[in-house]
Structures are given as C-alpha cells and as structure tokens.
Amino acid sequence: MTTSIAPFRLKPWFSERPWGKSDLRPWYESTGTNELVGEAWLTGPACVVETGPFTGKTLAGMYSHIGGEFPLLVKILFPNDKLSVQVHPDDAQAQAAGETRGKTECWYVLEAVPGAAVSLGLKPGVGAAEVATSVADGKMEDLLEQVPVSVDDMIFVDAGTVHAIGPGVVLLETQQTSDITYRLYDYGRPRELHLEQGIAVIKAKTEAGKVEPRQMDGFIRLIEQKYFTVDRFDVPFGEIKITNSGPACLVSLSGWGTVKSSKGSTGLKPGQAVILPQGTGDITIDAPAALSFVRCSAPAK
C-alpha cells in the first residue's frame, strides 16, 4: 500500500517484565514506571506518534486510519535476569492455532559483557520426550546450545528454534509483528507455561545462528531474510541519501539527525524509531555530527 505520509517518529512503549531493569540509561533517562522494564517497544501498536499529522495517535490507531499495519515489531531488550526458554511457531502453525502469523526474529547485539551468550537451539539428539522430562526436572538449560555473543553480532532466530536470552546483553530485536510466544521453562517463576503447544512447533533443524555482515554500497547489511532486512549506516557528518521501497523504520544507535523526504521531515533520536511508510521513496538523512543508525525494512507489497 502506497501512502503520502511523511516519515514520523514514535515514542517508545515500555513493557514491564520480571527479568527487566529499573534503570535503562544511557538509552532512556526515564521509563515512567517504578516497575522493572524488560523491553522498549519502538514500533509496537501502542507506541504514540510524536511528529506529523497523526501526532497523539497510537501506531495501531494511525494505521487503522490509512489501512493495514506496520509489519515489523522492533524492540530493545534489557535483560537483568534470564528470560524464559521459549519457542515461536511459523506462519502455518500460528494460523492453524487461530493466530494471524508466526514469529521469526533476529537480535542485533548492542551491549555485551565478556563471556555473554544466548541459548539457541537444542543439542543434537534432544527431542520432545527429553524436553518434557527436563522441564519437570528443572534441567532444561542443560539441553540448550550456547552461542557466545559480542557487540555487533547479528543472531537469526528462525521460527521453531528453542531459545533463551540471559543477562549481560542489550539487544535490538526485529521480528514479525506478533506477540505469540510458547513458554517452555521459566526457572520456577509463577508464570504460565505452554509446554504442549511449544513442543508441537519445535523444529529439529532451523536456520538459526550468527549471520555474517555484508559490506554494501555505503552501509552494512546485517541480515536479509524473508520477513525483514536490517542494515547499519555510520555517518561521520553531513547528508546521505537512501533509496527505500517497502515499509521500514530507522533507529538511531548513537547521534541525532533529520530524516527528510519529498513529503516532509522529522528528527531522528537515539533509541526511537522513525517510520517510513510504504511509498516514502528516497530519503535524505542530515547528520550534524557522527550518527549511527539501523534501517529495519519489510518487503514491499
């Protein structure tokens, strides 16, 4: 769907989680809550538009006005404790369960302490019976492959991959717009598990793993998959032009800038998303000083 809407910026929506943090600095000075925050949703349906003619509306409300939805959910994750061990269904499995779509995602590592790792996939030979037994015995972590991570690593998390995130990292997550999660194991925390549904969607082999970056013309391609492409741009200062086709968002990792299109402009700030609706076309980013940002884009429709 093509629109005539200028790029616009969203206010992050903070999701409270038992494994989160009370202090998200330097990314955010305040979250507006005294509870632990695990996720800053940058393009969530409840995020409020800060600039342009739809200022004050939620992203979901804005798209209900023009039709459709923004196809990517982009978040920053702030784990201060272990996240649950979980698995997501693919599109067909989710739709069979009455959901709109599945959940394939990727993680770009923004911060990592020495020795940090994520859990990604089951060890060879582990099947449904071993998973169920390990949950009952409290030993599921022993069945998971550990992948060491450091800053700038990109991790692909294919649907059907059993996975978990631990403390010591900050991640930029890009995923299909879906909040469907089957929680397999939660270290004894009193939250609902979805063992039957989760075991049913586990895949013995997936494409999950580290992705090697590719140098492109003026930027770095971090990942290119069916549902999303994530690119990184590092601008010392001045203007750069970007060709854009499908719906996308820009997220500053450090520095400020102005995003300009033929339809209007808006400011790019650290830790916030600027939405480029489908049909935005070519844009210019003006950076008065050093600026690093990512573009998370979905295929054009």
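Since the model is a prediction, treat every value here as computed from it, not as a measurement.

K.L.:
So what exactly am I meant to see when it comes to the overall build of the protein chain here?
P.N.:
Along its length, the protein chain carries 4 helices and 24 strands. When its C-alpha atoms are laid out on the principal axes, the protein chain stretches across 60 × 40 × 40 Å. With 301 residues in all, the protein chain has 52% of them scored as buried. Considering only contacts within the protein chain whose residues lie at least 6 apart along the sequence, 75% involve residues at least 24 apart. Total accessible area on the protein chain stands at roughly 13300 Å², and carbon and sulfur atoms take up 51% of it. Each charge class in the protein chain can be summarised by its mean position, and for the 28 positive and 35 negative side chains these summaries are 4 Å apart.

K.L.:
What's the story with the packing of aromatic side chains in this structure? I'm lost.
P.N.:
For any pair of aromatic rings, geometry is given as the distance between the ring centres together with the angle between the planes. Per the stated rule, a full pass over the model turns up 7 aromatic pairs. Aromatic side chains Tyr 63 and Phe 70 sit 6.4 Å apart centroid to centroid with 50° between the ring planes, which places their arrangement in the tilted category. Each member of the pair, Tyr 63 together with Phe 70, is buried. An aromatic cluster of at least three residues, connected via ring pairs, comprises Phe 14, Tyr 28 and Phe 78. We note Arg 295 situated over the ring of Phe 219; from NZ or CZ to the ring centre the distance is 5.7 Å.

K.L.:
Explain the side chain of His 88 here, please?
P.N.:
With respect to the helices and strands, His 88 occurs in the loop between β6 (85-87) and α2 (91-96). For His 88, the side chain forms a polar contact with the side chain of His 163, separated by 3.3 Å. Beyond its immediate chain neighbours, meaning those up to four positions away, His 88 contacts Lys 103, Glu 105, Ala 159, Gly 160, His 163, Ile 180, Thr 181 and Val 201.

K.L.:
Looking at this structure, I do not really get the sheet that holds strand β21 (residues 264-268). What am I missing?
P.N.:
Think of a sheet as strands paired side by side through backbone hydrogen bonds, with each pair either parallel or antiparallel. Reading across from one edge, β18-β23-β20-β21 is the order of the 4 strands in this open sheet, with antiparallel pairing throughout. Single-partner strands in this sheet number two, and they are β18 (238-242) and β21. Direction aside, neighbouring strands of the sheet carry axes that sit 20° apart on average. Judged from the 5 bridges that link them, strand β20 (residues 257-261) and β21 form a sheet pairing that is antiparallel. The residue bridging Val 259 from the neighbouring strand is Thr 266, located in β21.

K.L.:
Where do I start with the state of the cysteines in this structure?
P.N.:
A covalent bond between the sulfur atoms of two cysteines is referred to as a disulfide. Using the criterion set out here, one finds 0 disulfides in the structure. The thiol of Cys 47 is unpaired, and the distance to the nearest cysteine sulfur, on Cys 249, comes to 10 Å. Residue classification places Cys 47 among the buried positions, given a relative accessible area of 1%. In this structure Cys 249 is a free cysteine whose sulfur lies 4.4 Å from that of Cys 296, the closest cysteine sulfur available.

K.L.:
Sorry if this is basic, but what is going on with the pattern of salt bridges here?
P.N.:
Where charged atoms from two side chains of opposite charge approach closely, those side chains can pair. If you walk through the whole model with that rule in mind, you get 20 salt bridges. The salt bridge involving Glu 224 is made with Arg 221; its shortest N-O contact spans 3.5 Å. Here Arg 221 makes a salt bridge to Asp 231, at a shortest N to O gap of 2.7 Å. Placement of the pair is Arg 221 in strand β16 (residues 220-224) and Asp 231 in strand β17 (residues 229-235), with a sequence separation of 10 residues. Arg 221 gets classed as buried once you look at its relative accessible area, which sits at 15%. One connected set of salt bridges, linked through shared partners, spans Arg 214, Arg 221, Glu 224, Asp 231 and Arg 295.

K.L.:
What is the right way to look at helix α3 (residues 128-137) in this model?
P.N.:
Spacing of three or four residues puts side chains on the same side of an α-helix, whose turn is 3.6 residues. Turning to α3, its buried residues are Val 131, Ser 134 and Val 135. What you see down the axis of α3 is that its buried residues fit within an arc of 100°, all on one side. Along α3, exposed side chains directed more than 90 degrees from the buried face belong to Ala 129, Ala 136 and Asp 137. Gly 138 sits one or two residues past α3 and shows a positive phi near 75°.

Reading guide: rules and limits
Residues numbered from 1 in each chain as written. Predicted model: local features only at pLDDT ≥ 70, side-chain atom pairs only at ≥ 80, totals over all residues. Heavy atoms only, no water. Helix = DSSP H or I, 4+ residues; strand = E, 2+ residues; numbered from the N terminus. Buried < 20%, exposed > 50% of the residue type's maximum accessible area, 1.4 Å probe, protein only. Contact = heavy atoms within 4.5 Å. Areas by Shrake-Rupley, 256 points an atom, 1.4 Å probe, with all protein chains shown as cover. Lys, Arg positive; Asp, Glu negative; His and termini not counted. Charge placed at Lys NZ, Arg CZ, Asp CG, Glu CD. Phe/Tyr/Trp six-rings, centres within 6.5 Å; stacked < 30°, edge-to-face > 60°. Lys NZ or Arg CZ within 6 Å of the ring centre and 35° of its normal. Polar contact = N/O pair within 3.5 Å; in protein donor to acceptor, adjacent residues only side chain to side chain. Pairing = 2+ DSSP bridges. Axes fitted to C-alpha atoms, helices over the stretch in contact; angles between N-to-C directions. Disulfide = S-S within 2.5 Å. Salt bridge = Lys/Arg side-chain N within 4 Å of Asp/Glu carboxyl O. Arc of directions from axis to C-beta.

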